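Below, each chain spelled out in residue letters.
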Amino acid sequence: MICVDEARQIIIAAAQNISWRSETLPLHQILGRVAADDILANITQPPFNASAMDGYAVNFDDMALGAKLTIIGEAAAGNPIDIKVRRGQAVRIFTGSSVPDGANHIIIQEDVERQGDNIIVKNVQPTARNIRKSGIDFNEGDMILPKGTRILAPHLSILAAANIAEIKCLCRPRLAFFTNGDELKEPGATLKQGEIINSNPYSIAAFIEHWGGEAINLGCAPDNPQAISDLFAHACGNDVHADIIIPIGGASVGDYDYVKSAFAENGGRIIFSKIAVKPGKPTWFGAMHGRHVLGLPGNPASALVMAALFIQPLIKAYYGEKFTDLSMQLPLATSIEANGPRENYMRAKIIYGPNNQRYIQPADNQDSSLLSPFATHHHLIRRIANAPALNKGDLAEIYPLFGEAL
Ligand SMILES: Nc1nc2c(c(=O)[nH]1)N[C@H]1C(S)=C(S)[C@@H](COP(=O)(O)OP(=O)(O)OC[C@H]3O[C@@H](n4cnc5c(N)ncnc54)[C@H](O)[C@@H]3O)O[C@H]1N2
Ligand code: MOO
């Protein structure tokens, strides 16, 4: 069995070999996408010298205390005035308006006394100010976002301000998954004895999309080698064109665990077939027809924890992003036992003690079939192989289950 770090390195290296495709998308569809090219500003921002305040555009040399200036016009935002401000003159101006020629200072309206068409300087003006020079944000042709930038909320306004309506983005990697098992029925079904609900696809699809991949649900195969084989063939075919195939369940050693044999019959080659981790031991990885296959265990907690450990780094690596270590240390709210030989990822939640001090509390039951702890436990305590017991108050290493926010 290999360890988690080795498995992650293998998966990251495989993702780096997926060939990129790109597509052009409008701004409202690019949140979380990755820029395929360097992005240059189409315009200068601000495109003109703009007033930063409501007041009067004047020549700073006229700003002696008590000086009287004549108002010769008005410049409102979007309605500039084509006039030159000469000595002794002022133009009424508002925040965001284009500053007329000849003016090098905006005196704010609180600093003047208005007398009909004149203003009197009421307060000392220490320096010429309140004009935002054209281009102080960026100039036409400046690189505003380099290739490889993941588009986050603030980037959208930068692009819009640079008069960019659409950009070329990397296509999301296509992660096609399927479940398998005769016992699995879809939500809403009336269950017969021995049947359960096929719950895994919902969180797995959501995680894939959350981390920037395109989730493709290929459905649920019965425990039948041919049906599973057909789904592998379908995933590789032109209709689906998966970059990564994720079979869920049937990964272990039971008589009806047909996934790996169906994979081998389709020309698949195993790269690793078990990880020394709890939950998630039967997780496996392989290559098939130029695609990679990440086999997850069917147990729901195992599938979700393995997704958190491997699918997010895989998607990030595809985009050329570095794997970021999101670990934190928090004191334990309860003691925990010594760990066994497999690295353990305990479902846990952050709780608050008396002085708002944060503690990490593991879920009472860590069975790998349990989904209910995930309702409130959104962190994982990492325990390395054979780690000693820890007492309440000892520091534990924790990771957010959802990974990095996009
Ligand atoms: N003799 C051994 N038995 C098992 C071993 C082992 O090493 N030797 N490993 C155990 C471990 S660890 C795990 S984890 C499970 C994983 O088994 P599989 O990946 O083969 O998963 P299944 O057998 O298909 O299912 C396990 C469990 O999960 C339920 N399941 C499956 N798919 C779904 C789904 N889509 N949604 C909800 N629940 C699902 C399934 O009904 C089973 O209860 O193997 C141990 N056994
Ligand atoms: O490794 Mo399994 O995922 O413990 O139950």
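Because the structure is a prediction, the values reported are computed rather than measured. Counting restarts for each chain: residues are numbered from 1 in the order of the written sequence. The naming scheme follows written order: chains are lettered A onward, ligands numbered 1 onward. Reporting in this predicted model follows two pLDDT cut-offs: at least 70 for local features of residues, and 80 or more for side-chain atom pairs to be given and counted; totals over whole chains, interfaces and linings ignore these cut-offs and use all residues. Computation of side-chain values covers all heavy atoms of the structure but excludes hydrogens and water.

**Section: the site of ligand 1**
- Summary of the distance rule: residues count as near a molecule or strand when at least one heavy atom falls within 4 Å of that molecule or strand. Looking at ligand 1, there are 21 residues lining it, with Glu183, Asn198, Ala251, Ser252 and Lys281 nearest.
- In protein, a polar contact means a hydrogen-donor-capable atom and an acceptor-capable atom, both N or O and within 3.5 Å, with residues adjacent in sequence counting only if both atoms are side-chain atoms; elsewhere, any N or O pair within 3.5 Å suffices. One nitrogen or oxygen atom from the main chain of Ser199 is found 3.1 Å from a nitrogen atom belonging to ligand 1.
- Here a cavity means grid points, on a 1 Å grid over the protein atoms only, where a 1.4 Å probe fits yet cannot get out; a pocket means an open set of points with protein on both sides within 12 Å along at least five of seven lines; lining residues are those with an atom within 4 Å of a point. Each molecule is assigned to a cavity or pocket provided more than half of its atoms lie within 2 Å of the corresponding grid points. Judged by the fraction of its atoms near the pocket grid, ligand 1 is located in the largest pocket.
- Runs of H or I in DSSP of at least four residues are treated as helices and runs of E of at least two as strands, each being numbered from the N terminus. Of all elements in the fold, only strand E15 (196-197) and helix H6 (300-318) reach the threshold of two or more residues within the shell around ligand 1.

**Details of the confidence of the model for the protein chain**
- Scored between 0 and 100, pLDDT is the confidence that the predictor attaches to each residue. For the protein chain, mean pLDDT is 95; residues scoring 70 or higher make up 100% of the total.
- Scoring of the predicted complex yields 0.89 for pTM and 0.98 for ipTM.

**Brief notes about the site of ligand 2**
- Close contacts around ligand 2 come from Pro279, Gly280, Lys281, Pro282, Asn299, Ser302, Arg342 and Ser368, and that covers them all.
- Measuring from an oxygen atom of ligand 2, one finds a side-chain N or O atom of Ser302 at 2.4 Å.
- At a threshold of 2 Å from the grid points, most atoms of ligand 2 map onto the largest pocket.
- In the shell around ligand 2, the residues fall into 2 nonpolar, 4 polar and 2 charged. Under this grouping Gly is polar, as are all residues other than the nonpolar Ala, Val, Leu, Ile, Met, Phe, Trp, Tyr, Cys and Pro and the charged Asp, Glu, Lys and Arg.

**Considering the nonpolar core**
- Counting residues in each nonpolar core, the largest one holds 46 residues, and the members touching the most others are Ile204, Ile246, Leu309, Phe310 and Ile311.
- Within the residue set of this core, elements represented by two or more residues are helix H1 (4-15), strand E13 (174-180), helix H3 (200-210), strand E17 (244-248) and H6.
- Sort the elements by how many residues they give to this core and H6 lands first, with 14 residues.
- With near-sequence residues (within four places) excluded, Ile311 lies in contact with Leu175, Ile208, Trp211, Ile246, Leu294, Leu296 and Met306.
- Residues belong to one nonpolar core when they are buried, are Ala, Val, Leu, Ile, Met, Phe, Trp, Tyr or Cys, and are joined through side-chain atoms within 4.5 Å. When a residue's accessible area, from a 1.4 Å probe over protein chains only, is under 20% of the maximum for its type it is buried; when over 50% it is exposed; and in between it is partly exposed. Membership of the second largest hydrophobic core comes to 20 residues, among which are Ile216, Ala221, Leu231 and Phe263. Any two residues whose heavy atoms approach within 4.5 Å at even a single point are treated as in contact.

**What about the environment of Phe48?**
- Note that Phe48 resides in the loop between strand E2 (39-40) and strand E3 (50-51).
- Given a relative accessible area of 33%, Phe48 falls into the partly exposed group.
- Sequence spacing of Phe48 and Lys168 is 120 residues, and the spatial spacing of their C-alpha atoms is 28 Å.
- Contact partners of Phe48, with chain neighbours within four places excluded, come to Gly96, Ser97, Ser98, Arg132, Lys133 and Ser134.

**As for H3**
- Residues of H3 that are buried: Asn200, Pro201, Ile204, Ala205, Phe207 and Ile208. Seen along its axis, H3 keeps its buried residues to an arc of 160°; they face one direction.
- Buried residues along H3 sit in contact with E13, strand E16 (214-221), E17 and H6.
- Positive phi appears at Gly212, one or two residues downstream of H3, with a value of about 100°. Note: the arc covers the axis-to-C-beta directions of the helix.

**Remarks on the pattern of salt bridges**
- In what follows, salt bridge is the name for a side-chain nitrogen of Lys or Arg lying within 4 Å of a carboxyl oxygen of Asp or Glu. Under the defined criterion, the tally for this structure stands at 12 salt bridges.
- The partner of Glu195 in a salt bridge is Lys192, with the nearest N and O atoms 4.0 Å apart.
- The buried category is assigned to Glu195, whose relative accessible area is 15%.
- According to the relative accessible area criterion, Lys192 is exposed, its value standing at 59%.
- Residue Arg382 is joined to Glu397 by a salt bridge in which the shortest nitrogen-to-oxygen separation is 3.0 Å. Of this pair, Arg382 sits in strand E25 (residues 379-383) while Glu397 sits in strand E26 (residues 395-400), and the two are 15 residues apart along the sequence.
- On the basis of relative accessible area, Arg382 is assigned to the buried category, the value being 18%.

**Some words on the state of the cysteines**
- Counting rule for disulfides: a pair of cysteine sulfur atoms within 2.5 Å. Within this structure, the stated rule accounts for 0 disulfides.
- Summary of cysteine pairing: Cys171 is not part of a disulfide, and the nearest cysteine sulfur, belonging to Cys169, is at 8.6 Å.

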